[in-house]
Amino acid sequence: MSHREILENLARVIIEGDQQSAREHAQSALDNGLDPLEAVDNGLSKGMAVVGSQFENGDVFLPELLMAADTFNAAMEILNPVIEVNQQKTSKLGTVLLATVKGDQHNIGKNIVATVLETNGFEVVDIGIDQSTLKIIEAAQQHNVDVIGLSSVMTTTMPYQKEVIDTLTEMGLRENYFVLVGGGPVSQRWADEIGADGYGETAMDAVGIAKRLIEQKQ
Amino acid sequence: MPTLLDFIERANNGPILTEKDFNMKFLIPNVRDIVKAYEITLDRENPISGDDAMADRLYQAAVELLVRTGIYCQDTNRVIQLDRREILSSVEEFRAGQARFGEGRDRRAFLARKPEDKILPWLHVGTGIVASSKEIAMAQVEGYGSIPEASSVSVPAFSHIRGMPVTGGSPLEIYAAIDCVQTARRALSRCGRPGLPIMNLLSASTTAMGTIAASYRAFGLRPSDGWLIDVLAEMKVNYETLNRLAFVQITGGNIGSTAVPILGGYAGGAPGTALVKTAYYLVGLHMFQGTYHLTLPIHFNSGCNSMREALWVFAATGRAASRNTRYPAIALGFAAAGPCTKMYFYEAAATILSQVPSGYAGIQTPHPAKAVIDDAVTPMEAKFTVEFTRAVTGIKAHEANELANRLLEKYEDDIANAPRGNKYQECYDLVTRKPAGAYLRLYDEVVKEMTRLGISFK
């Protein structure tokens, strides 16, 4: 099998969400001497980009996106050990910490953003729902993230987005992170008012803003 | 029928698994398999379905989904398993009209309807999700109560107390929840409708703590009001849910099971969303032991439900549930456009058309501007809901479908860039509490336009 065929197969299995085939094609890539990083960048990631684009256009929904992400991870289980032995590094755009703020139990929007960020080359640290300000900041420090993404789906929890930004400032850490906010009642006006670095109305907005901010930083 | 304590026991002892595994190994594959097996298909060209056979398949599919999947409890990481015989027995035992709301002249039975029923739906006016300042809330609720046909009201949440933003779980939530209830009751008394039931308790409350605090009778709530308690999207509950359920059940209030499935979320597209939305009626009736249900899909990206896929979800699920249960449900539209815009009325009309002939027992004022702009709702939208619902009661699904398609032509391409409209104070006189001339003129134009489409306003 040619390298080109292997790369096409890797992209295809991501689009189909076929984890078993993903493992097999990842093994085939290694057996045929394909550089594992090339398998990631020109195979798996291309498949993820297709699924991301289909999601953006409304052609597929969250289940397909999640299955593509799981399939990507299944293939990485085969490729990662070799990447580590070779001391290579996958080309992540940056690391994003995601959390739904304190008092808010909603997770679907945040989960969609997490998956779309992953499909677009970001490393995502998702610490879940109902997270206190200090836990969010502690996790951001622990994982050395570039961006903190804060979700809030209720007007009564939006003030906690402001609290995170204010506390980062108080602790002298504000310059270390970009802070993005999102969620049903959140708006650009609110983001401006609380001093966030960006607001995403949709998951794809979040990707675009995160990319732009990280490029600016570099 | 199992009691709430039986379900709590199942939440403590059911199969344990992570939420991710519940989603990926049970929920998503079960929804996919069942949608396929029961042939639940979206017809984009005909969003208001009158297909009784598919409606009955959708209902059977919803029972199957619940039996195969159960409900996940996020706090115990266990699955509350549901039994087919128990579910069907609860449906059988539920007696229509057992839910009575309000007091005095405004006390009424909330009755189930059937598809294409000629009975006027329960008219639930106002919005609960839109936050308002206290002064505006008072004016809004007085306006809602002044609509003679209103059967019940939703009252707004407060975003600030003494200038401090209200945060969920904090003492300010308790102040806000109590203030909200007292303000709403006072406003209803001022407009001569003290007995009108409030059926969105408690929009100001993020946690069970706020709900419980504001339900203390001295603050004005009565068991004849309605408490909304959510199934979490998708197929999940947590202790906040169960705490609210326990409190309202023990104190004898009306439980309004509430379900907001995400169109494009874990259940996938419109067929999967219709499946979980139908299943939530049964969760409400059987597990929550509710007396009424509040239901709406929300599109994952657009944040509203006026697009054709959502209209189809409304129509298919309303028909499925109303043909097979007597559980009265209120349907709630979410418009992308805000108050004082023509687009809002087109969207509101289309969502109501998807609801009235599909057998929903109650119609709530479609929320303007996706319910995300503070103060951006007025009694004019409630008035339209009442007048339009009266005009289309008794309409056949195929007639509603034709009208909805004509309305969709006017707005569906603009959903992503919908006009945000005006806040209450921008289109109402704060002193007289009457709509501004410009809004009245726009309303008249809309009514004339819809009359030309064939709607007979009474």
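Residues numbered from 1 in each chain as written. Chains lettered and ligands numbered in written order. Predicted model: local features only at pLDDT ≥ 70, side-chain atom pairs only at ≥ 80, totals over all residues. Heavy atoms only, no water.

(A) Expanded view of the confidence of the model for chain A. Confidence in the prediction of chain A, expressed as mean pLDDT, is 90, and 98% of residues score 70 or more. Here helix H5 (residues 108–119) of chain A stands out as the element of chain A with the lowest mean pLDDT, 85, in contrast to helix H6 (residues 133–142) of chain A, whose mean of 96 is the highest. (pLDDT = per-residue confidence, 0-100. Helix = DSSP H or I, 4+ residues; strand = E, 2+ residues; numbered from the N terminus.)

(B) Examining H6 of chain A more closely. All names here are of chain A. For H6, the full list of buried residues reads Thr133, Ile136, Ile137, Ala139 and Ala140. Buried residues of H6, viewed axially, fall in a sector of 160°; they line one side. For H6, exposure combined with an orientation more than 90 degrees from the buried face picks out Leu134, Lys135, Glu138 and Gln142. Taken together, the buried residues of H6 touch strand E1 (95–100), strand E3 (147–151) and helix H7 (158–170). (Buried < 20%, exposed > 50% of the residue type's maximum accessible area, 1.4 Å probe, protein only. Arc of directions from axis to C-beta. Contact = heavy atoms within 4.5 Å.)

(C) Geometry of the pattern of salt bridges. Residue and element names in this part refer to chain B. Inspection of the entire model under this criterion finds 29 salt bridges over all chains. Here Arg10 ties to Glu86 by a salt bridge, and the two come within 3.0 Å at their closest N and O atoms. Of the two residues, Arg10 sits in helix H1 (residues 4–13) while Glu86 sits in helix H4 (residues 84–93), which places them 76 residues apart along the sequence. Across the pair Glu64 and Arg68 runs a salt bridge whose closest N-O atoms are separated by 3.7 Å. You can see Glu64 and its partner Arg68 sitting in helix H3 (residues 52–69), four residues apart, about one turn around the helix. For Glu64, a relative accessible area of 15% corresponds to the buried category. A network of salt bridges, in which partner residues are shared, links Asp52, Asp56, Glu116, Arg319 and Arg323. (Salt bridge = Lys/Arg side-chain N within 4 Å of Asp/Glu carboxyl O.)

(D) Broad picture of the domain arrangement of chain A. All names here are of chain A. If you check the domain split of chain A, you get domain 1 (3–88) and domain 2 (94–217). Its C-alpha centre places domain 1 at a distance of 27 Å from the equivalent point of domain 2. Contact with domain 1, which involves eight residues of that partner, is made by seven residues of domain 2. Summed over both sides, the interface of domain 1 with domain 2 buries roughly 710 Å², with 82% coming from carbon and sulfur. Seen at the junction of domain 1 and domain 2, the total is zero salt bridges. (Domains from an automatic or database assignment. Buried area = accessible area lost by both parts, 1.4 Å probe.)

(E) Region of interest: the interface of chain A and chain B. With 24 residues of chain A at the interface, the matching set in chain B holds 30 residues. Taken together, the two surfaces of chain A and chain B that pack against each other cover about 2300 Å², and 60% of this comes from carbon and sulfur. Ranking the residues of chain A by area buried against chain B places Phe61, Ile108 and Thr156 of chain A at the top, with a combined share of 23%. Where chain A packs against chain B, one counts three salt bridges. For the interface between chain A and chain B, the tally reads eight residue pairs in polar contact (both at pLDDT 80 or more). Only helix H4 (62–85), H5 and H7 of chain A provide two or more residues apiece to the side of chain A that touches chain B. Ranked by residues supplied to the side of chain A that touches chain B, first place goes to H4 of chain A with six residues. A breakdown of the residues in the side of chain A that touches chain B according to their chemical character gives twelve nonpolar, nine polar and three charged. (Polar contact = N/O pair within 3.5 Å; in protein donor to acceptor, adjacent residues only side chain to side chain. Nonpolar A, V, L, I, M, F, W, Y, C, P; charged D, E, K, R; others polar.)

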